[in-house]
Amino acid sequence: MRKIAVLTSGGDAPGMNAAIRGIVRVGIKRGFEVYGVYEGYQGLVANQIEKLGYSDVSEVLAKGGTLLQSSRLLEFKEDAVQEKAIQNLKKRGIEGLIVIGGDGSYRGALALSRKGINCIAIPGTIDNDIHGTDETIGFHTALNNIIDAVNKLRDTSSSHHRCFVVEVMGNHADNLAIYAAIACGSEVVITDKTGYDENQIIELLKVNEKEYHKRHAIVIVSERILDVERLAQRISEETGFSGRSIVLGHIQRGGTPTPEDRILASRMAEAAVHLLLERKTGLCVCLKDSKIVAKSIDDALNEENENHEELYKLFYDLV
Ligand code: F6P
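Here the structure is a predicted model, which means the values were calculated and not measured. (Residues numbered from 1 in each chain as written. Predicted model: local features only at pLDDT ≥ 70, side-chain atom pairs only at ≥ 80, totals over all residues. Heavy atoms only, no water.)

1. What about the layout of surface pockets?
So, step 1. Approximately 710 Å³ is the volume attributed to the largest pocket.
So, step 2. What lines the largest pocket is a set of 30 residues, and nearest its centre among them are Gly10, Arg72, Asp103, Gly104 and Ser105.
So, step 3. The element best represented in the lining of the largest pocket is helix 4 (residues 103-114), accounting for six residues.
So, step 4. Of the residues belonging to the lining of the largest pocket, the class tally is seven nonpolar, 13 polar and ten charged.
So, step 5. As a volume, the second largest pocket reaches approximately 380 Å³.
So, step 6. As for the second largest pocket, its lining consists of 22 residues, and the residues nearest its centre are Asn175, Asn305, Glu306, Asn307 and His308.
So, step 7. Among the residues making up the lining of the second largest pocket, the classes are represented as four nonpolar, nine polar and nine charged. (1 Å grid on protein atoms, 1.4 Å probe; cavity = no way out; pocket = protein on both sides within 12 Å on 5 of 7 lines; lining within 4 Å. Points joined across faces, edges and corners; volume = space filled by probe spheres on them. Helix = DSSP H or I, 4+ residues; strand = E, 2+ residues; numbered from the N terminus. Nonpolar A, V, L, I, M, F, W, Y, C, P; charged D, E, K, R; others polar.)

2. Points about the pairing of strand 4 (residues 96-101)
So, step 1. In terms of burial, strand 4 is largely enclosed, as six of its six residues are buried.
So, step 2. Burial along strand 4 is two-sided: the face carrying Gly96, Ile98 and Ile100 and the face carrying Leu97, Val99 and Gly101 are both buried.
So, step 3. Summarising the sheet, strand 1 (residues 3-8) and strand 4 pair through five bridges and their orientation is parallel. Opposite Thr8, over in strand 4, you have Ile100 as the bridge partner.
So, step 4. Pairing analysis gives six bridges linking strand 4 to strand 5 (residues 118-123), with the strands arranged parallel. Directly across from Gly101, in strand 5, lies its bridge partner Pro123.
So, step 5. Handedness of the β-α-β unit built from strand 4, helix 4 and strand 5 comes out right-handed. (Buried < 20%, exposed > 50% of the residue type's maximum accessible area, 1.4 Å probe, protein only. Pairing = 2+ DSSP bridges. Right-handed = clockwise from strand over helix to strand, strands pointing away.)

3. Re the pairing of strand 10 (residues 283-288)
Two faces, one strand: in a regular strand the side chains alternate between the faces of the sheet.
So, step 1. The element strand 10 is extensively covered by neighbouring structure, given that five of its six residues are classed as buried.
So, step 2. Here strand 5 pairs with strand 10 via two bridges, running parallel. When the bridges of strand 10 are listed, Ile120 appears paired with Leu283.
So, step 3. Note: strand 10 against strand 11 (residues 291-296), six bridges, orientation antiparallel.

4. Some thoughts on the site of the ligand
So, step 1. Neighbouring residues of the ligand: Arg72, Thr125, Ile126, Asp127, Met169, Gly170, Asn171, Glu223, Arg224, His250 and Arg253.
So, step 2. Here His250 contributes a side-chain N or O atom positioned 2.8 Å from an oxygen atom of the ligand.
So, step 3. Taking 400 Å² as the accessible area of the ligand by itself, protein coverage stands at 76%.
So, step 4. A molecule is said to occupy a pocket when more than half its atoms come within 2 Å of that pocket's grid points, and by this definition the ligand occupies the largest pocket.
So, step 5. Looking at side-chain class alone, the shell around the ligand contains two nonpolar, four polar and five charged residues. (Near = heavy atom within 4 Å. Polar contact = N/O pair within 3.5 Å; in protein donor to acceptor, adjacent residues only side chain to side chain. Areas by Shrake-Rupley, 256 points an atom, 1.4 Å probe, with all protein chains shown as cover. Sits in = over half its atoms within 2 Å of the grid points.)

In short, the description is geometric, and any link to function would need to be established separately.
Printed below as a string of structure tokens:
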């Protein structure tokens with residue numbers, strides 16, 4: 001194998017650039033020609049592929065987003081669409097592909113590997129919801145962004161006797177919410193795992209106010225569970241707090257990656273290139289107990305994610 005390519009797919013994640021840089025630099029050092037596919041699977045199908053050199057990845061480590069750009073292409077499930085992508089790789093003699101993304105991107109990589117392209121996946125998503133890896137690239141930075149925002153909200157919350165209902169991302173995964181809740185010392189956390197009883201939340205806030213004499217309160221909510229504005233309004237009506245809501249949205253996904261994300265991405269990139277050197281395919285790179293290991297993409301997609309029982313216990317012990 002002489003030519004390999006890299007693409008980023010799905011939601012961008014801070015640290016993806018460090019992974020691309022690692023693949024290009026390590027790839028070149030191990031004797032590969034390295035190609036970048038622009039705009040994810042969409043660009044693979046549209047033949048947006050260009051050779052990347054050492055200097056093309058200079059000065060990208062500190063940048064958020066992905067220099068290769070990204071997309072979500074639902075049609076990539078279809079055989080005919082996958083065939084087009086394979087033809088574009090074959091025309092250029094590219095035999096190996098590294099896909100950086102979340103579970104949707106993993107499905108595409110698995111499909112291509114079953115059709116003869118040597119594919120390795122790297123977990124790049126702020127959601128941290130890929131089985132088998134303790135952390136995904138981007139999670140750390142997104143968590144930092146949330147903590148930074150909540151610290152600021154707490155300042156104004158205390159000054160005005162307010163309760164902020166803060167919606168965080170995660171796409172049904174609770175990682176960002178429960179980690180942020182512990183790190184920010186929020187009064188309440190609501191995720192798919194905690195369930196949602198509005199009356200109970202109102203009672204809890206009243207206890208915080210009356211028994212603990214709190215003049216601030218933070219409620220962290222995973223996206224897609226409830227209407228944060230409506231909950232904030234009920235808090236205003238039924239407790240002594242004035243309720244305010246905020247959806248942190250894509251702010252969480254931007255900004256310069258933390259050192260943890262840059263280092264994780266660089267380590268995973270090196271491992272992915274080495275797997276292609278060994279002509280491995282259908283594997284994803286994982287961080288397990290501080291070591292970089294590989295497991296099958298199929299397993300990563302089909303096993304259950306962690307339930308975080310211990311983290312919830314800790315949260316409830318601390319509030
Ligand atoms: O998967 C990353 C993520 O940011 C999720 O947390 C969120 O649900 C989703 O992407 C948002 O997608 P989009 O950027 O396409 O609106």
